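One letter stands for each residue in the lines below.
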Amino acid sequence: MVIGRLSGFLSGEGANISPLFALLLIPLIGAMSLASETSSWLLVKRAMQNAADSAVLAAAANGVTAGCTSNCNTTWNAEALSVSANYGFANGANHTTVTAVNNATCPASTSSGNCYQVTITRTVPLYLIDVVGFTGNATIGGTNAEQIAATAMASAKSVPTTYCVLALSTGSGSYGVNGGNSINFNGCDVRSNGATTCNGANSSGGAGQIIYTTTNKKCTNGDGSAAIKASGPLADPYTGRASSVPANTCTPPTAKATYPQEPTLPATNLLVGTLTWPATKILCGDVKLTGDVNLTTASPGTTLVIENGQLDLNTHTLQTSSGSGLTIVFTGPSVSGLSPMQYPTGGGALNIAAPTSGAWSGVAIYQDLLYSNSNSTTIANAGSTPTWNITGLVYFPTSNLTFNGAVNKANNGVSCFSLVGLTVMASGTGDIFAGSQSQCAQAGLTPPSDGSAQRQVLVD
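Residues numbered from 1 in each chain as written. Predicted model: local features only at pLDDT ≥ 70, side-chain atom pairs only at ≥ 80, totals over all residues. Heavy atoms only, no water.

J.: How should the overall build of the chain be read in this particular structure?
T.: Scanning the chain from N- to C-terminus turns up 4 helices and 29 strands. Of the roughly 20100 Å² of accessible surface on the chain, 55% is carried by carbon and sulfur atoms. (Helix = DSSP H or I, 4+ residues; strand = E, 2+ residues; numbered from the N terminus. Areas by Shrake-Rupley, 256 points an atom, 1.4 Å probe, with all protein chains shown as cover.)

Written as structure tokens, this is what we have:
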């Protein structure tokens with residue numbers, strides 16, 4: 001009876017399952033281990049690649065020095081190792097090796113000669129995958145293991161950039177931001193011919209790029225990346241416009257009485273109402289609005305020359321009518337006993353569009369560097385007293401500007417604005433409207449630009 005039952009069990013289909021399962025167990029375990037371990041390697045590889053990319057960009061950024069053509073900074077290697085460690089891949093830990101070089105041959109597709117390269121390798125032990133005969137390409141203490149590697153290459157390349165803010169000074173206070181959540185330079189690129197310093201909340205003001213020449217303290221680009229170091233200062237592109245400044249007709253030109261100052265002004269220097277001006281309008285001394293002014297100009301525009309004086313809007317608005325263009329030039333010879341304020345003041349609003357062609361194409365305000373007093377001017381509330389609704393260039397090459405206003409385009413102008421100062425400090429509610437240079441070609445202005453700014457880019 002026992003023999004008969006055993007014979008029936010062995011001849012039944014259920015008896016085949018156990019030996020078949022035993023035969024299939026080894027390849028099943030192998031397949032599962034292959035899938036799980038290779039997936040794990042893929043995750044490690046991806047993390048290593050992110051670390052290598054970030055590390056090599058940091059190395060390239062720390063290898064760019066003013067006046068240096070390649071590989072001049074000695075901190076690039078330490079920076080690469082530090083960034084890699086921050087991503088969890090510290091050199092010498094957990095069977096990890098990180099190497100950085102600054103003389104790798106760049107790919108043929110790039111114009112650079114030498115590139116920075118970071119390679120990260122990590123050896124990981126094998127667990128079940130050796131069941132299927134895989135022994136790996138390395139060992140850890142005599143045990144089979146797999147070595148995973150990731151490599152990234154970067155170089156510093158020149159990037160053409162146009163600027164809506166240019167600070168000409170090569171000194172320590174060339175450009176800065178004093179915090180304030182209302183500062184808004186979004187979409188605006190900033191260029192400093194000297195140092196940059198950013199402090200407080202929203203310290204960089206959201207500027208797309210901040211380019212500096214000597215040193216940088218806490219300023220970052222709008223995406224959070226490091227501010228970009230240029231190889232040298234940007235030449236002032238607008239000094240040549242001084243040759244178009246009309247001749248001084250104020251007589252005698254060096255007498256103090258020739259340039260009346262507030263509060264006592266002649267009727268010629270008091271502006272109000274709807275006015276129509278010729279191509280050139282020269283006023284001697286301070287100019288003051290006694291009411292709102294709507295200005296129709298000659299074609300393509302009028303050059304208002306204020307000789308040794310300020311433009312006091314006196315809480316009123318100076319606006320160019322549709323189709324009109326205005327350039328305000330502050331100039332004047334040095335006169336004994338006279339220290340005029342050569343800029344707009346007095347609250348109110350400048351709502352002006354620059355000419356779109358001619359000698360003053362694209363220029364809304366021009367402080368004459370050649371003819372104005374040699375001492376620098378301090379403009380404490382640029383953009384707020386008065387408010388700037390301006391299409392075109394505002395040029396103050398001898399002025400230290402504290403910019404805390406909200407700039408918008410002129411009502412009868414397009415979206416184009418550039419600010420040039422000796423130094424520029426943004427604070428408070430400094431705000432340059434988005435798209436501030438999107439229509440500069442239409443406005444007749446070529447903004448400050450160069451290709452000397454260097455940005456670190458991955459090339460492999």
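J.: What should I look at first to understand the packing of aromatic side chains in this one?
T.: Working definition: an aromatic ring pair is given by the centre-to-centre distance plus the angle between the planes. Going through the model one piece at a time under the given rule, you end up with 7 aromatic pairs. Here Tyr 238 and Tyr 395 contribute two aromatic rings whose centre-to-centre distance is 5.9 Å and whose plane-to-plane angle is 75°, an arrangement assigned as edge-to-face. One end of the pair, Tyr 238, is in the loop between β12 (228–229) and β13 (270–276); the other, Tyr 395, is in strand β24 (residues 387–403), with 157 residues separating them in the sequence. The residues Tyr 238 and Tyr 395 share a single accessibility class, namely buried. With a centroid separation of 6.1 Å and 50° between ring planes, the pair formed by Trp 388 and Phe 403 is classed as tilted. Residue classification places Trp 388 among the buried positions, given a relative accessible area of 3%. (Phe/Tyr/Trp six-rings, centres within 6.5 Å; stacked < 30°, edge-to-face > 60°. Buried < 20%, exposed > 50% of the residue type's maximum accessible area, 1.4 Å probe, protein only.)

J.: Can you walk me through the pairing of strand β16 (residues 302–307) in this structure?
T.: Each regular strand carries side chains that alternate between the two faces of the sheet. Within β16, 6 of the 6 residues are buried, which leaves the element mostly enclosed by the surrounding structure. Burial along β16 is two-sided: the face carrying Thr 302, Leu 304 and Ile 306 and the face carrying Thr 303, Val 305 and Glu 307 are both buried. Pairing of strand β14 (residues 280–284) with β16 involves 5 bridges; the strand directions are parallel. When the bridges of β16 are listed, Thr 280 appears paired with Thr 303. Here β16 pairs with strand β19 (residues 326–331) via 6 bridges, running parallel. Bridge pairing in β19 links Glu 307 to Thr 331. (Pairing = 2+ DSSP bridges.)

J.: Explanation requested: the pairing of strand β26 (residues 417–426) in the structure shown.
T.: Counting buried positions along β26 gives 8 out of 10 residues, so the element sits mostly inside the fold. Examined bridge by bridge, strand β6 (residues 165–167) and β26 share 3 bridges and lie parallel to one another. Each residue of the ladder has a partner; that of Val 165, found in β26, is Leu 419. As paired elements, strand β7 (residues 175–178) and β26 share 3 bridges and run parallel to each other. Residue pairing in the sheet places Val 177 in a bridge with Ala 426 of β26. Bridge analysis of β24 against β26 gives 9 bridges, and the strand direction is parallel. From the neighbouring strand, Leu 393 faces β26, where its bridge partner is Ser 418.

J.: Explain the side chain of Ser 174 here, please?
T.: Topologically, Ser 174 is positioned in the loop between β6 and β7. A polar contact of 2.8 Å, which involves the side chain of Ser 174, links it to the backbone oxygen of Ser 169. In this view, Ser 174 contacts Ala 167, Ser 169, Ser 192, Asn 193, Gly 194, Ala 195, Leu 422, Thr 423 and Val 424; residues no more than four positions away in its chain are not counted. (Polar contact = N/O pair within 3.5 Å; in protein donor to acceptor, adjacent residues only side chain to side chain. Contact = heavy atoms within 4.5 Å.)

J.: Where do I start with the pattern of salt bridges in this structure?
T.: Side-chain pairing between opposite charges can occur once the charged atoms of the two side chains come close. Applying the stated criterion across every chain yields a total of 2 salt bridges. Glu 262 is the partner of Lys 288 in a salt bridge, and the nearest nitrogen-oxygen pair spans 3.5 Å. Taken as a pair, Lys 288 in strand β15 (residues 287–296) and Glu 262 in the loop between β12 and β13 lie far apart in primary sequence, 26 residues in all. (Salt bridge = Lys/Arg side-chain N within 4 Å of Asp/Glu carboxyl O.)

J.: Mind showing me how you'd approach the side chain of Asp 368 here?
T.: On the secondary structure map, Asp 368 appears in the loop between β22 (363–367) and β23 (377–382). With no salt bridge to any partner, buried Asp 368 finds its closest opposite charge in Arg 241, at an N-O distance of 12 Å. There is a polar contact of 2.9 Å between the side chain of Asp 368 and the side chain of Thr 331. (Lys, Arg positive; Asp, Glu negative; His and termini not counted.)

J.: What's the story with the nonpolar core in this structure? I'm lost.
T.: Proteins that are soluble and globular tend to have nonpolar side chains buried together. Phe 185, Leu 311, Leu 318 and Ile 328 are the most contacted members of the largest nonpolar core, which totals 52 residues. For this core, the leading source of residues is β24, giving 6 residues. Non-local contacts of Leu 318, meaning those with residues more than four positions away in its chain, are made with Leu 289, Val 293, Leu 311, Leu 313, Leu 326, Ile 328, Ala 349, Leu 350, Asn 351 and Ile 352. Judged by nonpolar contacts, the second largest core, of 26 residues, contains Val 56, Ala 80, Ile 120 and Leu 126. (Core = buried A, V, L, I, M, F, W, Y, C linked by side-chain atoms within 4.5 Å.)

J.: Explain the state of the cysteines here, please?
T.: A disulfide bridge is the covalent bond that connects two cysteines by way of their sulfur atoms. Scanning all chains against the criterion turns up 5 disulfides. Here Cys 164 pairs with Cys 188 through a disulfide, and the sulfurs are 1.5 Å apart. With Cys 164 in the loop between β5 (161–162) and β6 and Cys 188 in the loop between β7 and β8 (189–192), this residue pair connects regions lying 24 residues apart in the sequence. Each member of the pair Cys 164 and Cys 188 is classed as buried. (Disulfide = S-S within 2.5 Å.)

J.: What am I meant to see in unusual backbone geometry here?
T.: Glycine aside, the phi torsion of most residues is negative, and most peptide linkages are trans. Across the junction of Thr 251 and Pro 252, the peptide omega takes the value -15°, indicating a cis bond. Locating Pro 252 in the fold gives a position in the loop between β12 and β13. Across the junction of Ser 299 and Pro 300, the peptide omega takes the value 5°, indicating a cis bond. By secondary structure assignment, the location of Pro 300 is in the loop between β15 and β16. Its identity is not glycine, yet Asn 94 carries a phi of approximately 55°, on the positive side. Structurally, Asn 94 can be placed in the loop between α3 (76–86) and β1 (96–105). The phi angle at Asn 314 is positive, at roughly 55°, despite the residue not being glycine. Residue placement: Asn 314 occurs in the loop between β17 (311–312) and β18 (317–320). Residue classification places Asn 314 among the partly exposed positions, given a relative accessible area of 26%.

J.: Please explain the environment of Thr 387 as it appears in this structure.
T.: Relative to the assigned elements, Thr 387 resides in strand β24. Between the C-alpha atom of Thr 387 and that of Asn 351, which follows or precedes it by 36 residues, the distance is 8.2 Å. Sequence-distant contacts of Thr 387, defined by excluding residues within four places in its chain, comprise Gly 348, Ala 349, Leu 350 and Ala 406.

Worth remembering: the numbers are spatial, not functional.
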